[in-house]
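# Structural overview for review
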Amino acid sequence: MKLDVDVLRYLTKEDFRVLTAVEMGMRNHEIVPAELVERIAALKHGGTYKVMKNLLKHKLLHHDASKYDGFRLTYLGYDFLAIKTLVNRGVFSAVGRQLGVGKESDIFEVATEDGTVMAMKLHRLGRTSFRAVKSKRDYLKHRSSFNWLYLSRLAALREFSFMKALEEHGFPVPNAVDCNRHCVIMSLVPGYPLVQVKQLENPETVFNTIIGLVVRLAEHGLIHCDFNEFNIMIDDDEKVTMIDFPQMVSVSHRNAQMYFDRDVECVFKFFSKRFNMSFHECTADIDGTAVDTDDSGRPSFTSIAKDTGFLDKELSASGFTRKDQEEIAKFIEGGIKKDANSDDEDTEDDEHISVLNEANTMGVDSLHVADQHDEQVEPEGNVRTCEAGPSSEPENEDGSNEEGDNETVNNDNDAELEKRLNKVRRRAVTAARGGRKTFASRNTYKDKGGKSSNSSKIQRQLSSW
Ligand code: ADP
Ligand code: MG
C-alpha cells in the first residue's frame, strides 16, 4: 500500500480535526453520518464539508452509502493520524523507504532528527487472510459489524506489549519504542529474514538457537504461532532476532500443543530443506538447556515447565483490557460466540459521544481527551502505561497540557449538558439514517484525476508540520 507522505505535509489542522472526528464516530459506527462528523469536529462556519471533500480526494476518507449515507476512515487516513501523533510526540520526524510488506502489515523506515533510523509497522488487518482463513470466516460470519481499524489497533498494541515484555526477559526482539493506533515503532533489525538466506556458516548453531527460542517462549508461557523463516531475522554474524508477535497465544490455550508443534515443525522443515540438515544426531541440549525430545529430536511440549500467567500479566500491564483481549483472541483463534451487539449501539453512543462533544465544548482537542477517556472503554493504542517513547506530551491548540485539561473534563459531571448533547447527537444520527443526504452524491468526490505517488516521493521530512 502506498503511503504518500507528501499529502501529509499539506494537511491543515482542520483536516486533522475532521479526520479525528470520523475516527471517533467510528468507535460506534461502521459508517459515520456526515452530520455526526460535523457535530464532533465542530468547525466554525460549517467548514467540515469542504474539509471532508478534500479528505475524500486524497483517499483519507471513504464514502459509503451501502447501509446509510456516511463516511469511514481509510487505512491511509488512519496512517496519517498515527504518524502525526507520533511525530508530535517527537518519536520520529521523517518517513523513509518501505522495508517490507507483511501478510497484514506494511513496514517503513522512519528517522529521528538526529538520524537514528527505526522501523514503523502499520498493521493492516483484513488485507489478506489472517493466519487461519477459516478463523476469519467464522469471525466475520458472526459479526453484525466489524471494524478493521479497531482490530489493527488491538493487534499493534498486542504486538508492542509482547515485544516490550520479551525484550525485558532477554529475548532477541526489536526494541519496542512506541505505539499509536495501528502503528508500532521499533528498532531496525539489521540483516534479512531467514527465508532470504541461502547459506549459513553455522547452520546447526542457528538452528539450535531458534529451537531454543521456541522452548524458552513456552517456558515463559507463550507460543509464537507464526514462527517461520519469514519472521526470523538474521544478520551477517548469524545473530537471530525474532519479529511479528500479534498472534502469540498462551501455553494454556486449548490448542497450545498443536501450535507449539507446528512452530517447531516449521523450523525443522526449513532447515532440512534449505540447509540439508538431518536431525537424528540432534542432541537434547538446546540453547544450553537440557530439553526432552521425541525420537526425531523435536522438543516435547509436555515436558517443558511453563509459566502460564505470563501472557495475561503482560497484556494487562500494557493497558490491554479484558474486552480487548477477548476481541482479538476471537479474531485470532476463531473461537467465536454469537455476537448479539447489533442493537445496543444507541446506549453505547450516548456514553461515547457525550464525552466527545463535552470535550469540544471545553475547547480541548478531542483526540487527546478521547485517549484518556478510552482507558475505561477502548484504549486508544496510546500505551502510556508501558511508556517507552519520549516524555514530552503534545500540547493542545491553546497550548495547555492535555493531562490537566482532561482532569477538568473528567471532573465535569454536568448532567444537564450531557443530556442536551445526547439529544443533539441523536437528532443528527436519526436525520442521517433517515436517508437525508447531507453531502454531495458519490460521483462528485471520486478522485478521478488523482495521480498515484511513486516510492521516490516517500522520503520527506515531516517536521515542518
Ligand atoms: P507481518 O505481520 O505482516 O508478517 P512482519 O512483522 O513479519 O509483518 O514484517 C514483515 C517484513 O518486514 C519482515 O519480513 C521484515 O523483512 C520486515 N521487518 C519487520 N520488522 C522489521 C524491523 N524491525 N527491522 C527491519 N525489518 C523489519
Ligand atoms: Mg511476518
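Residues numbered from 1 in each chain as written. Chains lettered and ligands numbered in written order. Predicted model: local features only at pLDDT ≥ 70, side-chain atom pairs only at ≥ 80, totals over all residues. Heavy atoms only, no water.

### Quick word on the overall build of the protein
Threshold: Helix and strand assignments follow DSSP, with helices taken as H or I runs no shorter than four residues and strands as E runs no shorter than two, numbered in order from the N terminus. Buried residues are those whose accessible area, probed at 1.4 Å on protein chains only, stays under 20% of the maximum for their type, while exposed residues exceed 50% and partly exposed ones sit between those limits. Any two residues whose heavy atoms approach within 4.5 Å are treated as being in contact.
Counting its secondary structure elements, the protein contains 16 helices and 15 strands. For the protein, the proportion of its 465 residues judged to be buried stands at 55%. Sequence separation of at least 24 residues holds for 73% of the intrachain contacts in the protein that already meet a minimum separation of 6.

### Overview of the coordination of the magnesium ion (ligand 2)
Selection rule: Here the coordinating atoms are restricted to nitrogen, oxygen and sulfur within 2.8 Å of the metal centre, or 3.2 Å for Na, K and Ca, and because water is not among them the sites may look incomplete.
Each protein donor to the magnesium ion (ligand 2) is listed here as N231 (OD1) and D244 (OD); together their distances run 2.1 to 2.2 Å. Highlighted residues: N231 in the loop between β9 (222-223) and β10 (232-234) and D244 in the loop between β11 (240-242) and β12 (249-250), separated in sequence by 13 residues. We note that N231, like D244, is buried.

### Here we look at helix α4 (residues 48-57)
We apply this condition: Directions pointing from the helix axis toward each C-beta atom define the arc.
Those residues of α4 lying buried are T48, V51, M52, L55 and L56. Each buried residue of α4 lies within a common arc of 140° when the element is viewed along its axis, so the set occupies one face. Backbone geometry just downstream of α4 places K59 in the positive-phi region, at approximately 60°.

### Let's talk about the site of ligand 1
Condition: Residues are classed as near a molecule or strand on a simple rule: at least one heavy atom within 4 Å of it. The definition of a polar contact used here is a pair of N or O atoms within 3.5 Å, where within protein one atom must be able to donate a hydrogen and the other to accept one, and adjacent residues in sequence count solely through side-chain atom pairs. With residues, only the protein chains shown are counted as cover, and all accessible areas are computed by Shrake-Rupley using a 1.4 Å probe. Gly falls in the polar group here, along with every residue not listed as nonpolar (Ala, Val, Leu, Ile, Met, Phe, Trp, Tyr, Cys, Pro) or charged (Asp, Glu, Lys, Arg).
Not every one of the 18 residues close to ligand 1 is listed here, only the nearest: S105, K121, V189, N231 and D244. The separation between an oxygen atom of ligand 1 and a polar side-chain atom of S105 is 2.6 Å. In this structure, D244 approaches ligand 1 through a side-chain N or O atom, which is 2.8 Å from an oxygen atom. Considered on its own, ligand 1 offers 550 Å² of accessible surface; in the complex 91% of this is hidden by protein. At the level of secondary structure, the elements contributing two or more residues to the shell around ligand 1 comprise β4 (105-111), β5 (117-123) and β7 (183-187). For the shell around ligand 1, a count of residues per class yields nine nonpolar, five polar and four charged.

### Regarding a nonpolar patch on the surface
Inclusion rule: Like-charged residues are merged into a patch within 9 Å and nonpolar side chains (Val, Leu, Ile, Met, Phe, Trp, Tyr) within 5 Å, provided each residue has over 30% relative accessible area and no salt bridge. Criterion for a salt bridge: a side-chain nitrogen of Lys or Arg within 4 Å of a carboxyl oxygen of Asp or Glu.
Taken together, the side chains of L99, V117 and L188 define a hydrophobic patch exposed on the protein surface, amounting to about 190 Å² of accessible area. By relative accessible area, which is 35% here, L99 ends up partly exposed.

### Looking at the packing of aromatic side chains
Applied cut-off: Ring pairs are drawn from Phe, Tyr and Trp, using the six-membered ring of Trp, whenever the two centres fall within 6.5 Å, and their geometry is named by plane angle: stacked under 30 degrees, edge-to-face over 60, tilted for the rest.
Applying the stated criterion across every chain, the model contains six aromatic pairs. Residues F260 and F301 carry aromatic rings whose centres are separated by 4.9 Å and whose planes lie at 45° to one another, so their mutual orientation is tilted. With F260 in helix α9 (residues 256-275) and F301 in the loop between β14 (289-290) and α10 (310-317), this residue pair connects regions lying 41 residues apart in the sequence. Its relative accessible area of 7% is what places F301 among the buried residues. Between the aromatic rings of F271 and F275, the centroid separation amounts to 5.2 Å while the plane-to-plane angle is 45°, which identifies the pairing as tilted. One end of the pair, F271, and the other, F275, are both in helix α9, four residues apart, so they sit about a helical turn from each other.

### Quick look at the pattern of salt bridges
According to the stated counting rule, one finds nine salt bridges in the structure shown. Between E30 and K67 there is a salt bridge, with the nearest N and O atoms lying 3.2 Å from each other. With E30 in the loop between α2 (13-25) and α3 (34-41) and K67 in the loop between β1 (61-64) and β2 (70-73), this pair connects stretches of sequence that are 37 residues apart. In this structure, K121 and D244 form a salt bridge, with 3.1 Å as the shortest nitrogen-oxygen distance. Here K121, found in strand β5, pairs with D244, found in the loop between β11 and β12; they are 123 residues apart in sequence, far enough to count as distant.

### Some words on the confidence of the model for the protein
The following threshold applies: The predictor's confidence in any single residue is recorded as pLDDT, a number from 0 to 100.
Within the protein, residue pLDDT values average 72, and 64% of them lie at 70 or more. Between residues 129-134, whose pLDDT stays under 50, and residues either more than four places distant or in other chains, the model counts 12 contacts. In this model residues 136-145 is a low-confidence stretch, pLDDT under 50, and it forms 25 contacts with partners more than four residues away in sequence or in other chains.

### Some thoughts on the sheet that holds β10
Note: strands within a sheet are paired through backbone hydrogen bonds, in either parallel or antiparallel orientation. This is how the line gets drawn: Strand pairing is assigned whenever DSSP identifies at least 2 bridges connecting the two strands. Lines fitted to C-alpha atoms define the axes, with helix axes restricted to the stretch in contact, and inter-axis angles between N-to-C directions lie between 0 and 180 degrees.
The sheet built from three strands is open, its strands ordered β8-β10-β11 with antiparallel pairing. Each edge of the open sheet carries a strand with a single partner, namely β8 (192-193) and β11. Relative to β10, β8 runs antiparallel, the two being bridged by two bridges. Its bridge partner lying in β10, P193 is registered against M233. Against the sheet, helix α8 (residues 203-219) contacts β10 and β11, and its axis sits at roughly 35° relative to β11.

### A look at unusual backbone geometry
Although it is not a glycine, K59 sits at a positive phi angle of roughly 60°. Tracing the sequence through the fold places K59 in the loop between α4 and β1. Even without being glycine, N276 reaches a positive phi, approximately 55°. Among the secondary structure elements, N276 is positioned in the loop between α9 and β13 (285-286). Judged by its relative accessible area of 70%, N276 falls in the exposed class.

### Overview of α2
For the record, the criterion: Multiplying one less than the number of residues by 1.5 Å gives the expected span of a helix.
The end-to-end C-alpha separation of α2 is 18 Å, in line with the 18 Å expected for 13 residues at 1.5 Å each. The buried fraction of α2 amounts to 11 of the 13 residues, a majority that puts the element mostly inside the structure. Listed in full, the buried residues belonging to α2 are D15, F16, R17, V18, L19, T20, A21, V22, E23, M24 and G25.

### Brief notes about the packing of helix α7 (residues 148-168) against α10
When two helices pack together, their arrangement is given by the angle between the helix axes and the distance between those axes. Which entries qualify depends on this criterion: Angle categories: roughly parallel below 35 degrees, roughly antiparallel above 145, roughly perpendicular from 65 to 115, and oblique for all the rest. Whether a crossing is left-handed or right-handed is set by the direction in which the near helix is turned from the far one by less than a right angle, anticlockwise for left-handed and clockwise for right-handed.
Orientation of α7 relative to α10, taken along the N-to-C sense of each, is 115°, at an axis distance of 9 Å. Judged by the inter-axis angle, α7 sits roughly perpendicular to α10. By crossing handedness, the relation of α7 to α10 is classed as right-handed. Between α7 and α10, the contacting residues are R158, S161, F162 and A165 on the first element and F310, L311, E314 and L315 on the second. By residue class, the composition of the contact of α7 with α10 is five nonpolar, one polar and two charged.

### Some thoughts on the pairing of strand β3 (residues 94-101)
Judged from the five bridges that link them, β3 and β4 form a sheet pairing that is antiparallel. Residue pairing across strands places G100 opposite I107, the latter belonging to β4. What sits between the antiparallel neighbours β3 and β4 is a turn of three residues.

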